Amino acid sequence: MKNNTSVSFKNVVKTFNDTQVVKSINFTIESGKLVTLLGPSGCGKTTTLRMIAGLELPTSGEILISGQDVTKVSASGRNVGMVFQSYALFPHMTVMQNVCYGLSNRREDKQNMLEKAHKALSTVGLEQYKDRYPSELSGGQQQRVAIARSIVIEPDVLLFDEPLSNLDAKLRRQVRQDIRDLQQKIGVTSIYVTHDQEEALAISDDIIVMCDGEISQIGSPDALYKQPKNEFVAQFIGDANKLSGSLDSVGEDKVFNVNAFPLFQYEGPKGAGENVAFIRPNAFKILRSDHSSAYALPVTVISSVYLGSHTEYKVMTPWGDSLFMIDYSFDEPIANQSSIFIEIDNRGVSIV
Amino acid sequence: MKHFHRNTLIIGLVGILLIPWYRLYGNFWAFEWLSLDFFYNEDNAPLIFQIFVFSKSWLLLAVGPFLFYGLHLLSSKSNEVRFKRLSYYQLYYGLVGVFAVIFQSLLVGDFGVNFEWANAFLSEDAYQVGTGGGTLLLILSYLLLIANGLAYRGFMKGDVFSTSCLIIIIFLVSVFVIFPVLNILIRAFYVNEVGFSLNAFIDRFAIANLWSLDCRPSSNSICGSAWSTLFLAVMTGLSTTILGLAFALVVTRTNFFGKKYLGFFSVLPMITPPFVVGMALILLLGSSGIITEWIESVFNVELGGWIYGFWGIWIAQTLSYTPIAFLVLIGVVEGISPSMEEASQTLGASNYKTFFTVSLPLMRPGLANAFLLGFIESMADLGNALVLGGDYQVLSAQIFFAVAGASADDGKAATLAIVLLMFTLTTFFIQKRWVGKTNYNTVTGKGDGGRYCDLPIHVKYFSLGVVIPWVLFTLTVYAIILLGGFVETWGVDNSFSLKHYVDAFRVEFVNNAFVATGVAWDSLITTIALALIAMPLTSFIGLLTGYLLSRVDFPGKSYFEFGTMLSFAIPGIVIGVAYVIAFNQAPIDLTYTALIIVLCFVFRNMSVGVRSGIASLSQLDKGLDEASITLGATGFKTLRKVIMPLMKQAIISSMIYSFIRSITSISAVIFLVSAEFNLSSAYIIGLVEANQFGVAIAYATALIVIMSIAIALMKLLVGNRKVFLRAQK
């Protein structure tokens, strides 16, 4: 395997029928990293992935793989492996034939080919199924064949197009971890497309959040959650309540006020003035007995949903905004229309 | 890519140096071309000798771009830069080359220089005959060069194979569909020895018997054939749609005992040569038909030849095209989700109200579609109009007589062809743009359980009341076809006889060898041989086009699709006239060859392959192709190893359909046959015109049997589905 297998996009634009699906994006994915393209459907993430594979060619801009310009190289000329959403296993070939297919395109000698295919199949733990047809395997096994088929060619880059969407919820966690482990083991640069933020947070070294064909933010899962750069990222990753108010200096400290209610003490870099704060649902704490805190806020419960491990509440602030909050405590659920006091933990707050 | 590029150059060189530049006369299978002398004369020499030995200087135009490209190739050195810059040269020289070859072939024709200004450069005795293999290879090489250049520049995602296929198909469709059709447009304005004249066209266009509105039956005048054609087409469209709907309702919504066998009727028209129904009608209802004679003797009336004219053609067309409407409508009726009807019933609607306010409106686009198909088929029909037409003038028959008649008026035929083409193309447009887009198909595949509600009683009785007599009538017609060949002389001496079959298919044992002396053998063998040659070609080019249309994106795709589907909308008779006019002189001279018939079969039936290709590819996950390509396979390997094995059924069925359609086609090929290459359908029409019904029916029955065997073979091969195809979701 080559040492440098980075992927770079330089001002890449993709237009379909006069609609810009990808609007001049730039990024570099470092060698050996697993990076997720995350965004709602129609944000251009799949198109971006397909441009790396060469299944779409950009309208303008440059794509570099391993430092080489591959912008106009056809898919079969790039050394890229891809795991498709539908797996796209060839139904008329056995598992072994599927895995060997890519090698046969490189004119490898037969002995070598079989050795590599066996190794790939054992990596995904499917050696005993090599003579079966894809239709004789379960969904999870089919997916592992698809992975074996794409790693056996020792690609510079491995691409995953929503690989978990055809699996049931339980299997999804398992396979997600398997993919991560495999990627770490063989150290291949990998790019993973998903619309599921939890999946992205769980698996990635870095996440590229996309919206409307543009990159909203690039960063580690932790950075995206804690320091979203814009409203879209704040809302899309981990949910957030949006509150408009002002940051006022009180001596050395800065306090965020909404309609003269002081909500929390701010410790970030933003200066005083009108600002918008995004508050995570789990940053609220219900004050059951002690209401004496300086930042206690009186609210009315509108509705609640009991979900076992936690309870979700919708509450109304005195100035008429509704807030969505999650309570992880073991306390009794609170009845609708009750008046309660809540407090905000400023670690769950970001001002953008 | 480099292999591909090298092959391109080799094809070009072979075309220039080795293969005869012009078409060959004489028999290819005589192997005269094995001797060197054969090549070293003006008729058969390759391009290089034509230029330098036989001083056809204008041919330098054709080879020039190839040489210049070669010079560029030799002069550029570094590989990296070379390939980037090369793509421009490939595009440039490829395009210039194609145009240069076409230009020089138009410049000098059979009788010398075609343009006066060129006399200054070329000698007076310059001439050239139709193009041959050398020209073909050189053009192919230029086309591949274009494809190469486009692919390097990222066209079709850089896939050389798909790009080459696209370019070649575009070229072939342009030459063999678009060029001939445009050519008749030109011919409509052209008068021999006068030249182009708008007046000539207006005169031809405005003739009274085309547009006359004097349609009163009493006045002894004859309606304009344009109106007659339209009226007949509307009537046929209506009758086939109503009958087709009745059939579809009976099959899907009743428990009528015989409904299982109705599906068989959908196969009948496919295997029935188009004029056979007309012949059977004459035997039944003609002036001396059995039913006619029976009615005349029982009721003591004189029926006469009422069948010859509108009524006869209409009944024959309705018989022939009802199954087409049935096939369309059964899909439509089954496409309505039962839950729609259940919803209507739970909302309190009766059967009657549900049918007329929910089910029927949902079928509306399908009904319109079926109507338009019947409409187009009726206008394009020549066989029944020839056999039963009488005094009723329709365009297709008029075109036929304009070419085949004593006056042989190309210009008139061309003008009539344009009128007919106008009608069918308009209908085709309406069908594509308007009806084709509105689709109420409500079956979603999710939770569409449930049961269709019962038909309202009136609708049910109406459907059965229409279907049962019609089935009986159809059965009678086909019984006549089967029996007609075994009767001594129809209506005169109805005793059993094998005479007609013997006349047609006699084989004698002479001088220790079997000799086929029956009159049918020549045309039958030619027909089957040519249909078999056309079969894989049609299927291949059709499916390949279907592949490009459904799998690859490229600019101008909708125009490409339109061009390939055009052959469906062009009536056979128009194609026939167009081929005769376009391909009877240099640059493309194919008169009286087998090749012109094969080409006509291929481009006429190509749409069958296109449609079956698109249909079967739409069920194949697109990810399969993409997976193959990302695993490093070329477009060609993907097609060969992944797509083709999964499309076996489509390949087989499109081959069989193209075979059958070739055998049953009449209107497109009737002008293309010659003494040497005669076809069954044209031969049978000749028998009918000579009033030899016995032999004609015997021959037609034999054709039906052959095609039934082909269909049975297809069912056998296609029915053999492998389980793994169910695997993909």
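1. Focus: the overall build of chain A
Then, in step 1: Scanning chain A from terminus to terminus reveals 8 helices and 20 strands.
Then, in step 2: In terms of overall dimensions, chain A has a C-alpha envelope of 80 × 45 × 35 Å along the principal axes.
Then, in step 3: When each of the 352 residues of chain A is scored for burial, the buried share is 40%.
Then, in step 4: For chain A, contacts bridging at least 24 residues in sequence account for 65% of all contacts bridging at least 6.

2. Describing the packing of helix α13 (residues 276–285) of chain B against helix α31 (residues 693–718) of chain B
Residues and elements named next belong to chain B.
Then, in step 1: One way to put it is that α13 packs onto α31 with a least axis distance of 11 Å and a crossing angle of 135 degrees. By the angle class used here, α13 and α31 are oblique. Where α13 crosses over α31, the two elements pack in a sense that is left-handed. Together, Val276, Met279 and Leu283 of α13 and Phe693, Ala696, Ile697 and Ala700 of α31 make up the contact between the two elements.

3. A short note on the interface of chain B and chain A
Interfaces are often sized by the amount of accessible area the parts lose when they come together.
Then, in step 1: At the interface, 27 residues of chain B touch 26 residues of chain A.
Then, in step 2: When contributions to the side of chain B that touches chain A are tallied by element, the ones reaching two or more residues are α27 (622–630) and α28 (635–646) of chain B.
Then, in step 3: Broken down by class, the residue content of the side of chain B that touches chain A amounts to 12 nonpolar, 7 polar and 8 charged.

4. Focus: the domain arrangement of chain A
Then, in step 1: Split into domains, chain A comes out as domain 1 (7–236) and domain 2 (241–347).
Then, in step 2: The C-alpha centroid of domain 2 of chain A is placed 40 Å from the C-alpha centroid of domain 1 of chain A.

5. Side note on the environment of A:Leu247
Residue and element names in this part refer to chain A.
Then, in step 1: Checked against the element boundaries, leucine 247 lands in strand β11 (residues 241–250).
Then, in step 2: For leucine 247, a count of 18 C-beta atoms within 10 Å corresponds to the partly exposed category.
Then, in step 3: For the pair formed by leucine 247 and phenylalanine 341, sequence separation is 94 residues and the distance between their alpha carbons is 22 Å.
Then, in step 4: Not counting the four nearest positions on each side in its chain, leucine 247 is found in contact with Lys254, Phe256, Tyr266, Lys270, Ala272, Gly273 and Asn275.

6. Things to note about the domain arrangement of chain B
All names here are of chain B.
Then, in step 1: On domain assignment, one finds that chain B holds domain 1 (2–153), domain 2 (225–443 + 467–484) and domain 3 (516–726).
Then, in step 2: Inter-centroid distance (C-alpha atoms) of domain 1 to domain 3 is 30 Å.
Then, in step 3: Across the boundary between the two partners, domain 1 contributes 9 residues, which contact 5 residues of domain 3.
Then, in step 4: Residue composition of the side of domain 1 that touches domain 3, by class: 2 nonpolar, 5 polar and 2 charged.

What counts, and at which threshold
Residues numbered from 1 in each chain as written. Chains lettered and ligands numbered in written order. Predicted model: local features only at pLDDT ≥ 70, side-chain atom pairs only at ≥ 80, totals over all residues. Helix = DSSP H or I, 4+ residues; strand = E, 2+ residues; numbered from the N terminus. Buried ≥ 20, exposed ≤ 12 C-beta atoms within 10 Å, placed from the backbone. Contact = placed C-beta atoms within 7 Å. Axes fitted to C-alpha atoms, helices over the stretch in contact; angles between N-to-C directions. Parallel < 35°, antiparallel > 145°, perpendicular 65-115°, else oblique. Left-handed = near helix turned anticlockwise from the far one by under 90°. Nonpolar A, V, L, I, M, F, W, Y, C, P; charged D, E, K, R; others polar. Domains from an automatic or database assignment.

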